[in-house]
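For reference, the chains in residue letters:
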Amino acid sequence: MSAATEVVRADLRAAVRRRKLSDRLFVLLGMLILFASLLTLAVLFIDLVREGGPRFGWDFFTNFPSRNAARAGILSAWVGTCLVMLVTVAVAMPIGVAAAIYLEEYAPKNWVTAIIEINVTNLAGVPSIIYGLLALGLFVYQLNLGQSIVAAGLTLALLILPIVIVATREALRSVPRAIREAAYALGATKWEVTADHVLPYSTGGILTGMIIGLSRAIGETAPIITIGALAFIAFLPTSPVSGTFPFVSFTWLKDPFTVMPIQMFNWVSRPDPAFQVNAAAAGAILLGMTLLMNGVAIYVRYRYRKKINW
Amino acid sequence: MLLAALVAVFTTVAIVYILVSESLPFFHQVSLHDFFTDTMWTPMFDQPRFGIMPLVAGTIVTTMVALCLAIPCGTIIAIYLSEFAPYRLREVVKPALELLGAVPTVVYGYFALQMVTPFLQKFIPGLPGFNMLSPGLVIGIMIIPYVASVSEDAMRAVPNYMREGSYAMGATRFQTATRVVVPGALSGIAAAYILGISRAVGETMVVAVAAGLQPNLTWNPLESAATITAFIVQVSLGDLPHGSIGYQSIFAAGLVLMVTTLVFNIAGFVLTRRFREVY
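Residues numbered from 1 in each chain as written. Chains lettered and ligands numbered in written order. Predicted model: local features only at pLDDT ≥ 70, side-chain atom pairs only at ≥ 80, totals over all residues.

## Quick notes on the overall build of chain A
Next up, step 1: Each helix and strand counted, chain A has eleven helices and zero strands in total.
Next up, step 2: From first element to last, N terminus to C terminus, chain A shows the α and β order α-α-α-α-α-α-α-α-α-α-α.
Next up, step 3: Taken against the 2.2 N^0.38 rule, which gives 19 Å for 310 residues, the C-alpha radius of gyration of chain A at 26 Å runs more than 25% over that of a compact globule.
Next up, step 4: For chain A, the C-alpha atoms occupy an extent of roughly 100 × 65 × 35 Å along the three principal directions.
Next up, step 5: Across the 310 residues of chain A, 43% fall into the buried class. (Helix = DSSP H or I, 4+ residues; strand = E, 2+ residues; numbered from the N terminus. Rg over C-alpha atoms; globule rule 2.2 N^0.38 Å. Buried ≥ 20, exposed ≤ 12 C-beta atoms within 10 Å, placed from the backbone.)

Encoded structure:
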């Protein structure tokens, strides 16, 4: 072998080594950025828990907001959040699932369907505060619902509708054709096929979508501020159940309210550091709830994926 | 069921109708020329001025800061997950990354105000408590998963034979990723960026909490300012009578916001469609 080829070979080896090095460097960089972002989330959560730690206790959950930071609690906030979510689920679930079934199973391929699909895609990208303006103009003033639980629930329902529709459609789509065809072959109608076969198989996916939608709704602040929800509410809405006939009352729907993220925003925007501790505690609870719901959604998806073998 | 599906159409129509009908009286009083050229936005003063520019500038600055963080990080994560990461890791990391986008925005606001700003103040002496840099960075963190997952989808859509062709020519993974996969997925990656912009523009609570609420015509991220979204929040916090000019001004601001995000969303939508059709 001549000296010249030896030199060329060494050059080649050096070049290959350099390129392999860039491979490894990139892997390092990728992992670094990935874990840095995940670390941010961990740091945020730990810090909220640490800062808000002194406020965790029974009192925090059973006290109304107060001018005295140490005595202020989130009673009206968490009750409000629960009631608003109740309205949101009651509205978004049936409408979202029905819309998805229509688009996936029934819709003919025509311009009406195309318009609906474009609208769903578009709505998913509309900033949440715009929904707040819609609610302010439509629910609060034109429909005269006022700054009530039902107005907030409807707003959040519209907001998460695209999420529910998209998730449900994906779940429906993942049911194989063979199942539908087998049912049709036995003489089932389209509705029977959908209700008895396709829907049960997609429960997991639909539930996942609903939980993710709710976890989004629970943390939404901007649209609720826009409809003008008060931040200082030191009373509870009317109880939905009562001891006297007719036992169930719906007056709470029209009651003023506050929710967790609003309460937190109210505390964050006060200059007094004592309130920042409350904000951290409320934030830890809010973030914990969001993470929990997302965890449940991932778990449900995983379980159903394992359980069903086509 | 058709009715349920039509709710989506109804919502869009209602949004447009409400925004336009509520801001029409506003534009009767304020000319479009003033609206876009006046440099002061003071709807609550005795002598109100209605120039949207300070709010637009605030929005552009925070969005730019967010993109400076989210685009490089999001793209690198996407390339890493789609081309380098082992299958197992990807299955675990992707849902975890999505959590970053699921954090309630008001919590991110607290994060920006109470943690990021004090941290930045150690490096940038004289940084005011309210500034646009810190919320911009936090919005960037928030949209990283969004940019990463849309661009990863685009890269995954590049067919495997293109990668194999590149490997067969002796290219390394990094070369294949940067010279074959990324150019092949370019329209999808562009869509990811554009959708990310639209998210950043519409983000509300982080800036409302941490950027201050004073409209301020500046391009310096170290100063405090208000964005379009933050202004809407600020006005909503007060008790404005229905029909007053202040009340109408939030719908005018909302209309500007809606049109901006709509343009970005449509551009993103067209681009994602294109990358799906190429292969």
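## Things to note about helix α1 (residues 3-52) of chain A
Next up, step 1: Its 50 residues give α1 of chain A an end-to-end C-alpha distance of 72 Å, which sits within 8% of 74 Å, the value for a rise of 1.5 Å per residue.
Next up, step 2: Among all positions of α1 of chain A, only Phe 26, Leu 34, Ser 37, Leu 44, Leu 48, Glu 51 and Gly 52 of chain A are buried. (Expected span 1.5 Å × (residues − 1).)

## Examining the interface of chain B and chain A
Often the size quoted for an interface is simply the accessible area lost on bringing the parts together.
Next up, step 1: The interface of chain B with chain A comprises 65 residues on the first partner and 65 residues on the second.
Next up, step 2: Here the side of chain B that touches chain A takes 14 residues from helix α1 (residues 2-29) of chain B, the largest share from any one element.
Next up, step 3: The class makeup of the residues in the side of chain B that touches chain A is 47 nonpolar, 16 polar and two charged. (Contact = placed C-beta atoms within 7 Å. Nonpolar A, V, L, I, M, F, W, Y, C, P; charged D, E, K, R; others polar.)

## Some words on the nonpolar core
One broad rule of soluble globular proteins: the nonpolar side chains tend to lie buried together.
Next up, step 1: In terms of nonpolar packing, the biggest core is built from 177 residues, with Leu 161 of chain A together with Val 138, Val 147 and Val 209 of chain B touching the most fellow members.
Next up, step 2: Considering every element that reaches this core, the biggest residue donor is helix α6 (residues 149-173) of chain A, with 17 residues.
Next up, step 3: If you count residues domain by domain, this core takes at least three from each of domain 1 (3-53) and domain 2 (56-307) of chain A.
Next up, step 4: Discounting residues that sit within four places of it in the chain, Leu 161 of chain A has contacts with Ala 92, Ile 95 and Gly 96 of chain A together with Val 7 and Ala 8 of chain B. (Core = buried A, V, L, I, M, F, W, Y, C linked by C-beta atoms within 7 Å. Domains from an automatic or database assignment.)

## Things to note about the environment of Val 259 of chain A
All names here are of chain A.
Next up, step 1: Following the sequence through the fold, Val 259 ends up in the loop between α9 (222-226) and α10 (260-268).
Next up, step 2: Along the chain, Val 259 and Tyr 106 lie 153 residues apart, while their C-alpha atoms are 38 Å from each other.
Next up, step 3: Residues in contact with Val 259, not counting those within four places in the same chain, are Ala 77, Gly 80, Thr 81, Val 84 and Ile 224.

## A word on the domain arrangement of chain A
All names here are of chain A.
Next up, step 1: Here the domain parsing of chain A yields domain 1 (3-53) and domain 2 (56-307).
Next up, step 2: With centres defined by C-alpha atoms, the gap from domain 1 to domain 2 works out at 40 Å.
Next up, step 3: Tallying the contact residues gives six residues for domain 1 and seven residues for domain 2.
Next up, step 4: Of the residues assigned to the side of domain 1 that touches domain 2, the class counts are three nonpolar, two polar and one charged.

## Some details on the packing of α1 of chain A against helix α4 (residues 87-102) of chain B
Next up, step 1: At a closest axis distance of 9 Å, the pairing of α1 of chain A and α4 of chain B adopts a crossing angle of 50 degrees. What the angle tells us is that α1 of chain A and α4 of chain B run oblique. Classified by chirality, the crossing of α4 of chain B by α1 of chain A is left-handed. Contacts between α1 of chain A and α4 of chain B involve Leu 34, Ser 37, Leu 38 and Leu 41 of chain A from the former and Val 93, Ala 96, Leu 97, Leu 99 and Leu 100 of chain B from the latter.
Next up, step 2: In the contact of α1 of chain A with α4 of chain B, the residues fall into eight nonpolar, one polar and no charged. (Axes fitted to C-alpha atoms, helices over the stretch in contact; angles between N-to-C directions. Parallel < 35°, antiparallel > 145°, perpendicular 65-115°, else oblique. Left-handed = near helix turned anticlockwise from the far one by under 90°.)

## Looking at the environment of Thr 229 of chain B
Residues and elements named next belong to chain B.
Next up, step 1: Its location among the elements puts Thr 229 in helix α11 (residues 228-237).
Next up, step 2: Residue Thr 229 is classed as buried on the basis of its 30 C-beta neighbours within 10 Å.
Next up, step 3: Note: C-alpha distance between Thr 229 and Met 205 (24 residues apart in sequence) is 8.2 Å.

## Some remarks on the environment of Lys 254 of chain A
All names here are of chain A.
Next up, step 1: In this structure, Lys 254 sits in the loop between α9 and α10.
Next up, step 2: Judged by the 15 C-beta atoms lying within 10 Å of it, Lys 254 falls in the partly exposed class.
Next up, step 3: Taking C-alpha positions, Lys 254 is 28 Å from Leu 287, a pair spaced 33 residues apart along the chain.
Next up, step 4: Apart from the residues within four sequence positions on either side, Lys 254 is in contact with Gly 146, Ser 148 and Val 150.

## Some words on the packing of helix α3 (residues 75-106) of chain A against α6 of chain A
Residues and elements named next belong to chain A.
Next up, step 1: It is the contact of α3 with α6, at a shortest axis distance of 6 Å, that shows an interaxial angle of 35 degrees. Read as a crossing pair, α3 and α6 show a hand that is right-handed.
Next up, step 2: Tallied by class, residues from the contact of α3 with α6 come to 23 nonpolar, four polar and four charged.

## Points about α10 of chain A
Next up, step 1: Judged by how many residues are buried, α10 of chain A sits mostly within the fold: nine of nine residues are covered.
Next up, step 2: Within the sequence span of α10 of chain A, burial applies to Met 260, Pro 261, Ile 262, Gln 263, Met 264, Phe 265, Asn 266, Trp 267 and Val 268 of chain A.

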